[in-house]
Amino acid sequence: MDPIKYFTFSMIISISGIRGILLNRRNIPIMSMPIESMLLAVNSNFLVFSVSSDDMMGQLFASLVSTVAAAESAIGLAIFVITFRVRGTIAVESINSIQG
């Protein structure tokens, strides 16, 4: 197994996630998708390290990151639905006007 190929793939996914966050600042759900892709890159790094070092900790961390990503998606979707019901839009410009 050549881990360099997998690390390169993970780096490409991570860079595209950073690019997605920086380039799309209009719609909040679309801004959260690159975050999920960066978590996927972290998971693939954990799994490659786990297989290459013959250790189960990487697989444990990958399942932990997947659980946190699922919880983040569920909570984010609930916030988006509530914001849409209250404001009528989920555009970033209107949410910037929310003051605490």
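In the block above lies the structure referred to throughout.
It should be emphasised that the depicted structure is a prediction, and the values quoted were computed from it without experimental measurement. (Residues numbered from 1 in each chain as written. Predicted model: local features only at pLDDT ≥ 70, side-chain atom pairs only at ≥ 80, totals over all residues. Heavy atoms only, no water.)

1. Considerations on a nonpolar patch on the surface
Together, Met 57, Leu 60, Phe 61, Leu 64 and Val 68 make up a nonpolar patch on the protein surface, roughly 470 Å² of accessible area in all. Positionally, Val 68 belongs in helix 3 (residues 57-87). (Patch = residues over 30% accessible without salt bridge, like charges linked within 9 Å, V, L, I, M, F, W, Y side chains within 5 Å. Areas by Shrake-Rupley, 256 points an atom, 1.4 Å probe, with all protein chains shown as cover. Salt bridge = Lys/Arg side-chain N within 4 Å of Asp/Glu carboxyl O. Helix = DSSP H or I, 4+ residues; strand = E, 2+ residues; numbered from the N terminus.)

2. Thoughts on helix 2 (residues 28-53)
Because the α-helix completes a turn every 3.6 residues, residues three or four places apart line up on one side. Between the first and last C-alpha of helix 2 there are 38 Å, a value that for 26 residues agrees with the 38 Å anticipated at 1.5 Å per step. Among all positions in helix 2, only Ile 28, Pro 34, Ala 41, Asn 43, Ser 44, Val 48 and Ser 50 are buried. The first or second residue beyond helix 2 is Asp 54, which carries a positive phi of 60°. (Expected span 1.5 Å × (residues − 1). Buried < 20%, exposed > 50% of the residue type's maximum accessible area, 1.4 Å probe, protein only.)

3. Details of helix 1 (residues 3-23)
For helix 1, spanning 21 residues, the distance from its first C-alpha to its last is 30 Å, which sits close to the expected 30 Å at 1.5 Å a residue. Buried residues along helix 1 sit against helix 2. (Contact = heavy atoms within 4.5 Å.)

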